[in-house]
Amino acid sequence: MSEVHHIIHPLIQHKLTLMRNRQASTSSFRRLLNELSALMAYEITRDMPMQEVEVETPLETTTGQIIDGKKLALVSILRAGNGLLDGMLSIVPGARVGHIGLYRDPKTLQAVEYYFKMPSHMEERDVIVVDPMLATGNSAVAALDKIRALNPRSIKFMCLLTCPEGIATLHKAHPDVPIFTAAIDRGLNEKGYIVPGLGDAGDRIFGTL
Ligand code: URA
(Lines give C-alpha, C1' and ligand atoms only; values in the text may rest on other atoms or scores of the structure.)
Protein backbone atom coordinates (compact mmCIF):
# COMPACT_ATOMS: atom_id res chain seq x y z
CA MET A 1 0.00 0.00 0.00
CA SER A 2 1.44 3.44 -0.92
CA GLU A 3 2.04 5.51 2.16
CA VAL A 4 0.11 8.76 1.97
CA HIS A 5 1.73 11.63 3.88
CA HIS A 6 -0.96 14.26 4.36
CA ILE A 7 0.99 17.31 5.44
CA ILE A 8 -1.29 19.39 7.59
CA HIS A 9 1.09 22.05 8.86
CA PRO A 10 -0.87 25.32 9.48
CA LEU A 11 1.32 27.35 7.09
CA ILE A 12 0.76 24.84 4.30
CA GLN A 13 -2.99 24.66 4.86
CA HIS A 14 -3.28 28.46 5.05
CA LYS A 15 -1.47 28.98 1.76
CA LEU A 16 -3.37 26.21 0.04
CA THR A 17 -6.69 27.78 1.03
CA LEU A 18 -5.58 31.12 -0.44
CA MET A 19 -4.61 29.32 -3.66
CA ARG A 20 -8.00 27.64 -3.96
CA ASN A 21 -9.70 31.04 -4.08
CA ARG A 22 -10.75 31.71 -7.69
CA GLN A 23 -10.02 35.43 -7.13
CA ALA A 24 -6.30 34.83 -6.45
CA SER A 25 -4.25 36.58 -9.13
CA THR A 26 -1.68 34.73 -11.21
CA SER A 27 1.14 36.43 -9.31
CA SER A 28 -0.24 35.56 -5.87
CA PHE A 29 -1.02 32.00 -6.99
CA ARG A 30 2.59 31.61 -8.16
CA ARG A 31 4.06 33.18 -5.04
CA LEU A 32 1.96 30.96 -2.78
CA LEU A 33 2.94 27.90 -4.80
CA ASN A 34 6.63 28.77 -4.39
CA GLU A 35 6.23 29.18 -0.66
CA LEU A 36 4.13 26.07 -0.31
CA SER A 37 6.47 23.86 -2.32
CA ALA A 38 9.43 25.03 -0.23
CA LEU A 39 7.54 24.12 2.94
CA MET A 40 6.58 20.74 1.51
CA ALA A 41 10.18 20.15 0.41
CA TYR A 42 11.19 20.53 4.03
CA GLU A 43 8.88 17.65 4.97
CA ILE A 44 9.58 15.39 1.98
CA THR A 45 13.36 15.58 2.41
CA ARG A 46 13.22 14.61 6.08
CA ASP A 47 14.90 11.24 5.45
CA MET A 48 17.48 12.38 2.89
CA PRO A 49 20.84 10.65 3.09
CA MET A 50 23.52 12.65 4.87
CA GLN A 51 27.26 12.49 4.79
CA GLU A 52 29.76 13.41 7.46
CA VAL A 53 32.28 16.11 6.62
CA GLU A 54 35.05 17.89 8.45
CA VAL A 55 34.55 21.59 9.03
CA GLU A 56 36.88 24.20 10.47
CA THR A 57 35.09 26.60 12.76
CA PRO A 58 36.93 29.80 13.77
CA LEU A 59 37.95 27.87 16.92
CA GLU A 60 38.70 24.28 15.91
CA THR A 61 38.06 21.46 13.50
CA THR A 62 34.92 19.41 13.98
CA THR A 63 32.65 17.13 11.99
CA GLY A 64 29.16 17.88 10.77
CA GLN A 65 26.47 16.38 8.56
CA ILE A 66 25.62 17.64 5.10
CA ILE A 67 22.96 16.55 2.64
CA ASP A 68 24.12 14.64 -0.38
CA GLY A 69 22.06 16.99 -2.57
CA LYS A 70 23.69 15.91 -5.83
CA LYS A 71 22.05 12.54 -5.57
CA LEU A 72 18.57 14.02 -5.55
CA ALA A 73 16.60 14.39 -8.77
CA LEU A 74 13.36 16.33 -9.00
CA VAL A 75 11.27 15.24 -11.95
CA SER A 76 8.63 17.69 -13.08
CA ILE A 77 5.57 16.47 -14.96
CA LEU A 78 5.10 19.26 -17.49
CA ARG A 79 3.80 21.74 -17.44
CA ALA A 80 2.25 22.31 -14.02
CA GLY A 81 5.04 20.41 -12.24
CA ASN A 82 7.39 23.25 -13.12
CA GLY A 83 5.45 25.44 -10.71
CA LEU A 84 6.81 23.36 -7.82
CA LEU A 85 10.47 23.47 -8.86
CA ASP A 86 11.60 26.93 -7.74
CA GLY A 87 10.31 26.50 -4.20
CA MET A 88 11.88 23.07 -3.88
CA LEU A 89 15.18 24.18 -5.39
CA SER A 90 15.35 27.04 -2.90
CA ILE A 91 15.58 24.33 -0.22
CA VAL A 92 17.73 21.78 -2.12
CA PRO A 93 19.70 23.85 -4.65
CA GLY A 94 22.02 20.95 -5.52
CA ALA A 95 19.23 18.76 -6.87
CA ARG A 96 19.22 17.81 -10.55
CA VAL A 97 16.02 18.29 -12.52
CA GLY A 98 14.33 16.06 -15.08
CA HIS A 99 11.25 16.81 -17.15
CA ILE A 100 8.58 14.57 -18.53
CA GLY A 101 6.00 15.99 -20.89
CA LEU A 102 2.58 14.40 -20.69
CA TYR A 103 -0.77 15.74 -21.68
CA ARG A 104 -4.16 14.35 -20.90
CA ASP A 105 -6.18 13.27 -23.90
CA PRO A 106 -9.40 15.18 -23.15
CA LYS A 107 -11.58 12.30 -24.40
CA THR A 108 -9.88 9.29 -22.81
CA LEU A 109 -8.18 11.18 -19.93
CA GLN A 110 -5.16 8.96 -20.66
CA ALA A 111 -1.61 10.36 -20.54
CA VAL A 112 0.23 10.90 -23.84
CA GLU A 113 4.03 11.46 -23.66
CA TYR A 114 5.72 14.17 -25.76
CA TYR A 115 9.01 14.89 -23.89
CA PHE A 116 11.41 12.97 -21.65
CA LYS A 117 14.76 14.33 -20.41
CA MET A 118 16.38 13.03 -17.22
CA PRO A 119 19.66 13.77 -15.40
CA SER A 120 22.49 11.27 -15.84
CA HIS A 121 23.04 8.29 -13.51
CA MET A 122 19.44 7.98 -12.45
CA GLU A 123 20.28 4.59 -10.90
CA GLU A 124 22.23 6.46 -8.17
CA ARG A 125 19.53 9.00 -7.43
CA ASP A 126 16.62 9.49 -5.06
CA VAL A 127 13.81 10.85 -7.19
CA ILE A 128 10.93 13.12 -6.25
CA VAL A 129 8.31 13.33 -8.99
CA VAL A 130 6.34 16.57 -8.76
CA ASP A 131 2.93 17.51 -10.12
CA PRO A 132 0.54 19.82 -8.23
CA MET A 133 -2.54 17.69 -8.97
CA LEU A 134 -2.78 13.92 -8.57
CA ALA A 135 -6.22 13.62 -10.17
CA THR A 136 -7.03 10.52 -12.27
CA GLY A 137 -3.49 9.35 -11.59
CA ASN A 138 -2.95 8.40 -15.25
CA SER A 139 -0.14 10.93 -15.88
CA ALA A 140 1.52 10.09 -12.59
CA VAL A 141 1.48 6.36 -13.38
CA ALA A 142 2.82 6.94 -16.91
CA ALA A 143 5.62 9.14 -15.52
CA LEU A 144 6.46 6.65 -12.78
CA ASP A 145 6.52 3.74 -15.27
CA LYS A 146 9.16 5.57 -17.33
CA ILE A 147 11.20 6.69 -14.31
CA ARG A 148 11.12 3.28 -12.68
CA ALA A 149 12.61 1.77 -15.84
CA LEU A 150 15.76 3.82 -15.07
CA ASN A 151 16.06 2.00 -11.74
CA PRO A 152 16.54 4.96 -9.34
CA ARG A 153 17.48 4.36 -5.69
CA SER A 154 14.07 5.54 -4.48
CA ILE A 155 10.98 7.35 -5.79
CA LYS A 156 8.54 9.66 -4.02
CA PHE A 157 5.56 11.49 -5.48
CA MET A 158 4.70 15.02 -4.39
CA CYS A 159 1.51 16.94 -5.17
CA LEU A 160 -0.51 19.72 -3.60
CA LEU A 161 -3.88 18.11 -3.99
CA THR A 162 -5.15 14.63 -4.60
CA CYS A 163 -8.36 12.62 -4.19
CA PRO A 164 -9.24 8.97 -3.44
CA GLU A 165 -9.29 8.05 -7.16
CA GLY A 166 -5.78 9.39 -7.79
CA ILE A 167 -4.37 7.68 -4.72
CA ALA A 168 -5.99 4.35 -5.69
CA THR A 169 -4.67 4.49 -9.28
CA LEU A 170 -1.15 5.35 -8.21
CA HIS A 171 -1.24 2.80 -5.42
CA LYS A 172 -2.38 0.01 -7.77
CA ALA A 173 0.45 0.62 -10.25
CA HIS A 174 3.22 1.68 -7.82
CA PRO A 175 2.35 0.51 -4.30
CA ASP A 176 5.85 1.26 -3.03
CA VAL A 177 5.83 4.96 -4.02
CA PRO A 178 4.91 7.21 -1.09
CA ILE A 179 2.64 10.16 -1.84
CA PHE A 180 3.17 13.56 -0.18
CA THR A 181 0.19 15.87 -0.43
CA ALA A 182 -1.21 18.97 1.25
CA ALA A 183 -4.85 17.90 0.75
CA ILE A 184 -7.05 14.92 -0.13
CA ASP A 185 -10.16 16.33 -1.76
CA ARG A 186 -13.60 14.76 -2.26
CA GLY A 187 -13.15 13.34 -5.76
CA LEU A 188 -13.14 14.01 -9.50
CA ASN A 189 -15.75 15.67 -11.66
CA GLU A 190 -16.79 14.36 -15.09
CA LYS A 191 -13.87 16.18 -16.73
CA GLY A 192 -11.32 14.60 -14.41
CA TYR A 193 -10.79 17.75 -12.32
CA ILE A 194 -10.33 17.46 -8.58
CA VAL A 195 -13.28 18.88 -6.61
CA PRO A 196 -13.43 21.19 -4.80
CA GLY A 197 -9.81 21.53 -6.00
CA LEU A 198 -8.27 24.73 -7.30
CA GLY A 199 -9.03 24.47 -11.01
CA ASP A 200 -6.44 23.90 -13.71
CA ALA A 201 -3.10 24.29 -11.94
CA GLY A 202 -1.13 24.89 -15.16
CA ASP A 203 -3.51 27.62 -16.31
CA ARG A 204 -3.42 29.29 -12.91
CA ILE A 205 0.39 29.17 -12.68
CA PHE A 206 1.02 30.44 -16.19
CA GLY A 207 -1.97 32.75 -16.54
CA THR A 208 -3.39 30.92 -19.55
CA LEU A 209 -7.00 30.83 -18.40
N1 URA B 1 -5.16 18.95 -13.39
C2 URA B 1 -5.42 20.17 -12.89
O3 URA B 1 -4.72 21.12 -13.18
N4 URA B 1 -6.46 20.30 -12.05
C5 URA B 1 -7.25 19.27 -11.71
O6 URA B 1 -8.16 19.45 -10.92
C7 URA B 1 -6.96 18.00 -12.25
C8 URA B 1 -5.90 17.87 -13.09
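These numbers come from a predicted model, not from an experiment.

Caption draft 1: Spatial organisation of the overall build of the protein. Counting its regular elements, the protein contains six helices and 14 strands. The C-alpha atoms of the protein give 18 Å as radius of gyration, which agrees with the globular expectation for 209 residues (17 Å, within 12%). If one aligns the C-alpha atoms of the protein with their principal axes, the spans along those axes are about 65 × 40 × 30 Å. Across the protein, every contact between residues at least 6 apart in sequence was considered, and the portion connecting residues at least 24 apart equals 64%. Within the protein, the 23 negative side-chain charges are centred at a point lying 8 Å from the centre of the 22 positive side-chain charges.

Caption draft 2: Quick peek at the pairing of strand β3 (residues 61-67). Note: strand β2 (residues 50-56) against β3, seven bridges, orientation antiparallel. Bridging across to β3, Glu52 finds its partner in Gln65. In this antiparallel pair of consecutive strands, β2 and β3, the connection spans four residues.

Caption draft 3: Representation of the sheet that holds strand β8 (residues 133-134). If you trace the three strands from one edge of the open sheet to the other, you get β8-β10-β12, paired in parallel fashion. Looking at strand neighbours, the two that pair on one side only are β8 and β12 (183-184), the edges of this open sheet. Taken together, the two bridges between β8 and strand β10 (residues 161-162) define a ladder with parallel strand orientation. Looking at the pairing, Leu134 lines up with Thr162 of β10.

Caption draft 4: Summary view of the pattern of salt bridges. Counted by the stated rule, this structure contains nine salt bridges. For Arg20, the salt bridge goes to Asp185, with nearest N and O atoms at 2.8 Å. Pair noted here: Arg20 is in helix α1 (residues 10-20) and Asp185 is in the loop between β12 and β13 (187-188), with a separation of 165 residues, a long-range link. A relative accessible area of 25% means that Arg20 is categorised as partly exposed. Between Asp47 and Lys156 there is a salt bridge; the shortest N-O distance is 2.6 Å. Within this pair, whereas Asp47 is found in the loop between α2 (26-44) and β2, its partner Lys156 is found in strand β9 (residues 154-158), the two being separated by 109 residues in sequence. You can call Asp47 exposed: its relative accessible area is 55%. With a relative accessible area of 12%, Lys156 lands in the buried category. Sharing partners across several salt bridges, the network here consists of Lys15, Arg31 and Glu35.

Definitions and limits used
- As a convention, each chain's residues are numbered from 1 in the sequence order in which they are written.
- Only residues with pLDDT of at least 70 get local features here, since the model is predicted, and only at 80 or more are side-chain atom pairs given and counted; chain-wide, interface and lining totals rely on the full set of residues.
- Remark: hydrogens and water are excluded; side-chain values derive from all non-hydrogen atoms of the structure.
- Secondary structure elements are taken from DSSP: a helix is a run of H or I of four residues or more, a strand is a run of E of two residues or more, and numbering for both begins at the N terminus.
- Each radius of gyration is computed over the set of C-alpha atoms, and the globule rule expresses the reference value as 2.2 Å times the number of residues to the power 0.38.
- In this analysis, two residues are considered to be in contact whenever any of their non-hydrogen atoms come within 4.5 Å of each other.
- Positive charge is attributed to Lys and Arg, negative charge to Asp and Glu, and no charge count is given to His or to the chain ends.
- Taken as the charge centre is NZ of Lys, CZ of Arg, CG of Asp or CD of Glu, depending on the residue.
- Only strands that DSSP links by at least two bridges are regarded as paired with each other.
- Whenever a carboxyl oxygen of Asp or Glu lies within 4 Å of a side-chain nitrogen of Lys or Arg, that contact is scored as a salt bridge.
- Exposure classes here rest on a 1.4 Å probe applied to the protein chains alone. A residue is buried below 20% of its type maximum, exposed above 50%, and partly exposed in between.

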